[in-house]
Amino acid sequence: MAGIEYLIVGLAAFLAAGLTLYSGFGLGTLMLPVFALFFPVEAAVVATALVHGANNLFKVSLLGRFADREVVLKFGLTAVLAAILGALALGWLAQLNIRMGIEVNDKAVSEVTPVKIIIGMLMIGFALFELLPRFRKLQFDRKYLPLGGLLSGFFGGLSGHQGALRSAFLAKTGLTTERFVGSNAVIGFLVDLSRLSVYLVLFAFAGHRIGDFAAWPLVITGSLAAFCGVLIGKRYLHKVTMSSVQALVGVLLFGVGFALVVGVL
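Rules used throughout
- Residues numbered from 1 in each chain as written.
- Predicted model: local features only at pLDDT ≥ 70, side-chain atom pairs only at ≥ 80, totals over all residues.
- Heavy atoms only, no water.
- Helix = DSSP H or I, 4+ residues; strand = E, 2+ residues; numbered from the N terminus.
- Buried < 20%, exposed > 50% of the residue type's maximum accessible area, 1.4 Å probe, protein only.
- Areas by Shrake-Rupley, 256 points an atom, 1.4 Å probe, with all protein chains shown as cover.
- Expected span 1.5 Å × (residues − 1).
- Axes fitted to C-alpha atoms, helices over the stretch in contact; angles between N-to-C directions.
- Parallel < 35°, antiparallel > 145°, perpendicular 65-115°, else oblique.
- Left-handed = near helix turned anticlockwise from the far one by under 90°.
- Contact = heavy atoms within 4.5 Å.
- Nonpolar A, V, L, I, M, F, W, Y, C, P; charged D, E, K, R; others polar.

Which residues make up the overall build of the protein, and what are the values?
Regarding its fold elements, the protein presents 11 helices and 2 strands. Along its sequence from the N terminus, the protein presents helices and strands in the succession α-α-α-α-β-β-α-α-α-α-α-α-α. For the protein, the proportion of its 265 residues judged to be buried stands at 49%. Accessible surface, the protein as shown: approximately 12,800 Å² in total, 69% of it carbon and sulfur.

Break down helix α7 (residues 145–159) for me, with residues and values.
Compared with the 21 Å implied by 1.5 Å per residue over 15 residues, the 21 Å span of α7 between its first and last C-alpha is a close match. L145, G148, G149, S152, G153, G156, G157, L158 and S159 are the residues of α7 that are buried. In the segment just after α7, G160 is the residue with positive phi, at about 90°.

Quick rundown of the packing of helix α2 (residues 27–36) against helix α3 (residues 41–63)? Include the residues and the values.
Relative orientation of the contacting elements α2 and α3 amounts to 140°, with a least axis distance of 8 Å. In terms of axis orientation, α2 runs oblique to α3. With respect to the hand of their crossing, α2 and α3 are arranged in right-handed fashion. Listed contacts from α3 to L27, G28, M31, L32, F35 and A36 of α2 are V41, A44, V45, A47, T48, V51, H52 and N55. When the residues that make up the contact of α2 with α3 are grouped by side-chain class, the tally is 10 nonpolar, 4 polar and no charged.

I'd like to hear about helix α1 (residues 4–19), residue by residue, with values.
Between the first and last C-alpha of α1 there are 22 Å, a value that for 16 residues agrees with the 22 Å anticipated at 1.5 Å per step. Among all positions in α1, only V9, G10, A12, A13, A16, A17 and G18 are buried. Among the structural elements, α2, α3 and α10 (216–236) are those in contact with the buried residues of α1.

Spatial relationships are all this shows, so hold off on functional conclusions.
Structure, rendered in structure tokens:
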């Protein structure tokens, strides 16, 4: 059906952006598997980063003034540096011309690449953060903020998944809701800006032009839908239970991550 991809991307971005406004994570974890339905996984990571970055910029414009400067500096500095390393690692993995086939009764049924296996395993790992009660309640003391930035930044650059770890670390810093949301948005945008810069440089070195990126129409659709989700979520999110949102994200992450590992996607 023509145009169904715009409906799927737009609806997913709208719901994810609204439902995850105060949690600080969820948009990237939901949009990556959605984009992976239509593009190679490395292109899906870039498309997700573009929508995620545009959404964070929009949240910064609304709530950035509430960000805690100390938290942003301690967490954000290592997150930005690690995001660059993660993005470079993604570019290196995408360039590896290594493919592995999966056979059943001596017949090839699927083919997987290193980047698909690694990102698939990461998605399964982050699904555990959403599904298992022990990990869902995981929190860290303020003194571990630089370490939190290092971990979430690297995984943000590699696979686009940064928010779950970032929120787990920031939730223990004694911030008010407004400062938590504002700090989350500012740090998330800084990480997005860093990894997108690396993605664009790698894209150019590969001989491509920005206009050649096939996902632009869906990126624009997802960004606009996310803006609408943030505006509505800002008014109504307090009525939504985050446990149900985490369960949905976790199930989707696990399913698509497994599909990537076995070569279905």
